[in-house]
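As a plain string of letters, each chain reads:
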There are 2 protein chains.
Amino acid sequence: MQKGDRSIVYDVPVFFEGEGSVVGKKEGDGPLGKLFDEVVADPMFGENSWEEAESELQIRAAKTALKKSGLERTQIRYLFAGDLEAQGVASSFGMAKLEIPYFGVFGACSTMGETLILGSSMVASGAADYVMCVTSSHFASAEKEFRFPLEYGNQRPLSAGWTVTGGGACVLGRRKKPLAITAVTPGKIVDYGMKDSFNMGACMAPAAVDTIAAHFKDMGCGPEDYDAIFTGDLGIIGSQILIEQLAKKSYDIEGRHDDCGLRIFDIKKQDVHSGGTGCGCAASVLTAFILPRMKEEGWKRVLFVPTGALLSKVSFAQGRTIPAIAHAVRIEAV
Amino acid sequence: MQKGDRSIVYDVPVFFEGEGSVVGKKEGDGPLGKLFDEVVADPMFGENSWEEAESELQIRAAKTALKKSGLERTQIRYLFAGDLEAQGVASSFGMAKLEIPYFGVFGACSTMGETLILGSSMVASGAADYVMCVTSSHFASAEKEFRFPLEYGNQRPLSAGWTVTGGGACVLGRRKKPLAITAVTPGKIVDYGMKDSFNMGACMAPAAVDTIAAHFKDMGCGPEDYDAIFTGDLGIIGSQILIEQLAKKSYDIEGRHDDCGLRIFDIKKQDVHSGGTGCGCAASVLTAFILPRMKEEGWKRVLFVPTGALLSKVSFAQGRTIPAIAHAVRIEAV
């Protein structure tokens, strides 16, 4: 089951049993707009605060995934969830309603990767027949948590991303389905000493380089073994760094690399600068675009690598660096 | 491996291979003072901020656990860590130095239970030979994160606890040792609608009731099968509620119940009101007191049940409830 320094190859595939995606209006106006299960025009999602809106968004994605899986709520043995808010309140308030044994995780925008690794390992070991993995982000709750009050109308540098209002949920399980997780490579925390929270792509790219290179080494494979390699939200700048740095390690991923943050918005028309970001970016693009695309295109194998910047507003205010992490999940047509 | 509704029983025990505990001066002055691996008089731990102090505390606990395990850093396949700070920065900045593939978790003061469940399940499944589980809290960083600036010198109601400045780390693995994790029962989020963040014990007790009762039901056992049942930080008030509520479910735990928060301080002399709290409370008492005590007293079986209140300062300011969670870990002499 262990493979190389840090990867896990599953003896039995862990199948994608049902997925749900919910996004806001701006995401609905983007190039993937028609693919999401639900596009909600009201940024408050009918709730009273940005935090409650994000919880509602998350619970809707979870319920959609559950419905598509055809399972009852009580058949989901464990739930893995996380978000960007302090103490993960979007998840704990949202997921409390499901009354499923709960593991809160924090991996910033890499959270969907972390939940998929932990969830799939529980299914693969036989500790659970079905688990659910959920994550979300909300533009307004993230701006409030990390940056400026929206009312300031502050300007953003071109290197900044735009936090996706969206969430994705996956039910993983043991019943045979077309797509499955067959291997995972957990990330290390990588800190290159960068401090610019308006250039997250550059902060996170070294973590993606580290994890993708580790995955190739552990598995004895290379970019040519993948139909596509999707990072989470490196955006324009981070994607360039990733491609260049992996090329220096003799891995040419340029023709196969894609980034959820560059897919979810029309970068030029929608004024999102470097691209979409947030836990919900990778999660909603995975569930609404990547998994369906694998079936449509007959892709055999995709590497899904969400990336996260592990900062807080306190660490930023203290002038500290921005450590980052990336988790890799191998998805195969089985 | 699955047992009952939500428990896992391991086919092979997951052994405690090495533990480390580090605390501050007040904890060192308490009844367990001589048992901790390290008592640090300087609340800043030689660093420049409370957050960095907590990271330093955590890394010291981790290094001590590693040293006692006799393993090299590179033999630890995965690291599970979390803390109370927003976005878990004490853990990510502290643990980055170890360069071990990392899973950040958030379970508030139940975090040590969550890391032990996730870590032990990775060892039990064969995905790792050795993992490390680490968590911490710091009185000053927690007050800053959740309550008032220390400079206010605000008064605290008698129902309030005192956040422990401390951390604990455990290396779990496959080599035979005297003590092991043999079963776990993950918690559900339980929200009884309480809103008083100065009475965390009452907020968390229902979660402990739910998890302990689920454990007994899943395992087909009762309090009489345990030498001791340790909750994390229910304190005086929460412990009373726990005992009463479990009695209503026909589980009499009074003679066997103990609480890490009531052990770490001399409640009357040290002016800590309802008792010690924080992720570091359960973690440091587990590593410095519970595990050694099991060996000394010849105890066969202990249930370790850290409890967490899943609030943030934003959710508190919004007048929302305080959902809670508790995770149960069965530790046996093997």
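Predicted, not measured: the structure shown is a model, and the values here were computed from it.

**Topic: the packing of helix α2 (residues 50-69) of chain A against helix α5 (residues 139-146) of chain A**
All names here are of chain A. Close contact between α2 and α5 brings their axes to 8 Å; oriented N to C, the two are set at 135°. With respect to α5, the element α2 is oriented oblique. Note that α2 runs across α5; the crossing there is left-handed. Only Ala 140, Ser 141 and Lys 144 of α5 make contact with α2, whose side of the interface consists of Trp 50, Glu 51 and Glu 54. Among the residues making up the contact of α2 with α5, the classes are represented as 2 nonpolar, 1 polar and 3 charged.

**Describing the interface of chain A and chain B**
Between chain A and chain B, the contact holds 48 residues from the first and 48 residues from the second. For the side of chain A that touches chain B, the elements supplying multiple residues, two or more each, are α3 (89-95), β5 (102-104), α4 (111-124) and α10 (313-317) of chain A.

**A word on the relation of the copies chain A and chain B**
Note on the identical chains: chain A maps onto chain B by a rotation of 180° and an axial translation of 0.0 Å, with an RMSD of 0.0 Å. Both copies are brought into coincidence by an operation consistent with a two-fold rotation axis. Interface overlap between copies is the fraction of interface residues in one copy that are interface residues in the other; for chain A against chain B it reaches 100%, indicating a shared surface.

**Brief notes about the environment of Ala 108 of chain B**
Along the chain, Ala 108 of chain B turns up in the loop between β5 (102-104) and α4 (111-124). Setting aside residues up to four positions removed in sequence, Ala 108 of chain B forms contacts with Gln 87 of chain A together with Leu 84, Gly 308, Ala 309 and Leu 310 of chain B.

**Thoughts on the pairing of strand β9 (residues 179-185) of chain A**
All names here are of chain A. Among the 7 residues that make up β9, 7 are buried, leaving the element largely enclosed by the rest of the structure. Of the pairings in the sheet, the one linking strand β2 (residues 7-24) to β9 comprises 4 bridges and is antiparallel in character. Across the sheet, the residue bridging to Phe 15 is Ala 180, located in β9. Note: β9 against strand β16 (residues 328-333), 6 bridges, orientation antiparallel. Bridge pairing in β16 places Ala 183 opposite Arg 330.

**Points about the environment of Pro 43 of chain B**
All names here are of chain B. By the element assignment, Pro 43 lies in the loop between β3 (38-40) and α2 (50-69). A tally of 16 C-beta atoms within 10 Å means that Pro 43 is categorised as partly exposed. Through-space distance from the C-alpha of Pro 43 to that of His 138 is 8.7 Å; in sequence the pair is 95 residues apart.

**Section: the domain arrangement of chain A**
Residue and element names in this part refer to chain A. According to the domain assignment, chain A contains domain 1 (2-173) and domain 2 (179-333). Computed from C-alpha atoms alone, the centre-to-centre distance between domain 1 and domain 2 is 17 Å. Contact with domain 1, which involves 58 residues of that partner, is made by 62 residues of domain 2. Taken together, the elements giving at least two residues each to the side of domain 1 that touches domain 2 come down to β2, α1 (25-28), α4, β6 (130-137), α5, β7 (162-163) and β8 (166-173). Here the residues of the side of domain 1 that touches domain 2 sort into 27 nonpolar, 21 polar and 10 charged.

**Here's the deal with helix α7 (residues 235-248) of chain A**
Residues and elements named next belong to chain A. Given a rise of 1.5 Å per residue, 14 residues ought to cover 20 Å, and the 20 Å separating the end C-alpha atoms of α7 matches this to within 8%. Taken together, the buried positions of α7 are occupied by Gly 235, Ile 237, Gly 238, Ser 239, Leu 242 and Leu 246. Lining the buried residues of α7 we find α6 (200-219), β10 (228-231), β11 (257-259), α8 (260-263) and β12 (276-277). Looking one or two residues beyond α7, the residue adopting positive phi is Ser 250, at roughly 70°.

**Examining unusual backbone geometry**
All names here are of chain B. Located in the positive-phi region is Phe 45, a residue other than glycine, with phi close to 50°. Tracing the chain through its elements places Phe 45 in the loop between β3 and α2. Phi is positive for His 273, close to 55°, though the residue is something other than glycine. In this structure His 273 comes out as partly exposed when scored by C-beta crowding, with 18 C-beta atoms within 10 Å.

Here is what the cut-offs are and how they apply
- Along every chain, residues carry numbers that run from 1 in the direction the sequence is written.
- Lettering for chains starts from A, numbering for ligands starts from 1, and both go in the order in which the items are written.
- In keeping with the predicted nature of the model, local features appear solely for residues at pLDDT of at least 70, side-chain atom pairs appear and are counted solely at 80 or more, and the whole-chain, interface and lining totals rest on all residues.
- The axes used here are C-alpha line fits, helices contributing only the stretch in contact, and every angle between their N-to-C directions lies in the interval 0 to 180 degrees.
- Helix numbering and strand numbering both begin at the N terminus, where a helix is a DSSP run of H or I of at least 4 residues and a strand a DSSP run of E of at least 2.
- Just so you know how the angles are binned, under 35 degrees is roughly parallel, over 145 roughly antiparallel, 65 to 115 roughly perpendicular, and the rest oblique.
- The crossing is said to be left-handed when, going from far helix to near helix, the turn is anticlockwise and less than a right angle, and right-handed when the turn is clockwise.
- Once C-beta atoms are placed from the backbone, any two residues with those atoms within 7 Å are in contact.
- Only Asp, Glu, Lys and Arg are considered charged in this grouping, and only Ala, Val, Leu, Ile, Met, Phe, Trp, Tyr, Cys and Pro are considered nonpolar; every other residue, Gly among them, is considered polar.
- A least-squares superposition brings the copies together, and it is based on the C-alpha atoms of residues with pLDDT no lower than 70 in both.
- Counting other C-beta atoms within 10 Å of a residue's own tells you its class, since 20 or more makes it buried, 12 or fewer makes it exposed, and anything in between is partly exposed; those C-beta atoms are placed from the backbone.
- We call two strands paired when DSSP finds no fewer than two bridges between them.
- Residue ranges labeled as domains rest on an automatic or database domain assignment.
- Multiplying 1.5 Å by the residue count of a helix minus one yields the expected span of that helix.

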